[in-house]
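Chain by chain, the residues:
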Amino acid sequence: MSSLNNTLKVKSPKKRLGRGIGSGKGKTSGRGVKGQKSRSGVAIKSFEGGQMPLYRRLPKRGFNPISKNRIAKINLDQLQKFLDKKRIDEKNSINLDYLKKNDIINKSCQKFKILGNGQLTTKINIEVDFSSVSAKEKIEKIGGVVKIKNLK
C-alpha cells in the first residue's frame, strides 16, 4: 500500500482551525497565547529569528544626492595633450559646450573646472565655472585669458 501512496498524489484534508477543543486545533488555533504572532494580519518582515538580518549584514554604500552637480575637471597637462593632438583648436574660445561637442568631457557634466597640474605651452582663451589659483596664474603667465562665469 505504501508504494501506491508514493505514486499517487494523495491530498490530505485541510486542518480546520478553531473548531472546538476536540479537533486539537481549537481556541487559539495553534497560535499559542498572546503576542504579536497570535494576532491576525501580522507578518514580521525581514525577521530572521534573531540572526543578524541581511540588510544589516551588508555594508552601507554611498549616498546619491538628488541634485548632483557634475563638474568636469581638466588639468593643464591634459589640455596641452588635446592641443598637441589638434582635438582642441587654440584659436577658438574653449568652454563647456565646445569640450562637450568635441567629446573631451562627458555630456552629463553641467560645470567645468580647470586645475593647475602640469604645464601649458600654448596661449589659450578659456571660459570656466571654476579655476584653481595655480591654473589661472599659469595660463595668464603665457598670455592666455581665463574668464570665470558668474555663479548664481
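Structure shown above.
This structure is a prediction, so every number in the text was calculated from the model and none was measured.

A. Layout of the pattern of salt bridges. One pass over the structure, following the stated rule, counts three salt bridges. In this structure, arginine 57 and glutamate 48 form a salt bridge, with 2.8 Å as the shortest nitrogen-oxygen distance. By relative accessible area, arginine 57 is classed as partly exposed at 44%. A salt bridge links lysine 149 to aspartate 129; the nearest nitrogen and oxygen atoms lie 4.0 Å apart.

B. Layout of the sheet that holds strand E2 (residues 93-94). The strand order across the open sheet built from three strands is E2-E4-E6, with neighbouring strands paired in parallel fashion. Whereas interior strands pair on both sides, the edge strands pair on one side only; in this sheet they are E2 and strand E6 (145-148). In this structure, strand E4 (residues 125-128) lies alongside E6, joined through four bridges in parallel fashion. Directly across from asparagine 125, in E6, lies its bridge partner valine 145.

C. Layout of the side chain of asparagine 75. One can find asparagine 75 in strand E1 (residues 71-75). With near-sequence residues (within four places) excluded, asparagine 75 lies in contact with Leu115, Gly116 and Asn117.

About the criteria used
- Residues numbered from 1 in each chain as written.
- Predicted model: local features only at pLDDT ≥ 70, side-chain atom pairs only at ≥ 80, totals over all residues.
- Heavy atoms only, no water.
- Salt bridge = Lys/Arg side-chain N within 4 Å of Asp/Glu carboxyl O.
- Buried < 20%, exposed > 50% of the residue type's maximum accessible area, 1.4 Å probe, protein only.
- Pairing = 2+ DSSP bridges.
- Helix = DSSP H or I, 4+ residues; strand = E, 2+ residues; numbered from the N terminus.
- Contact = heavy atoms within 4.5 Å.

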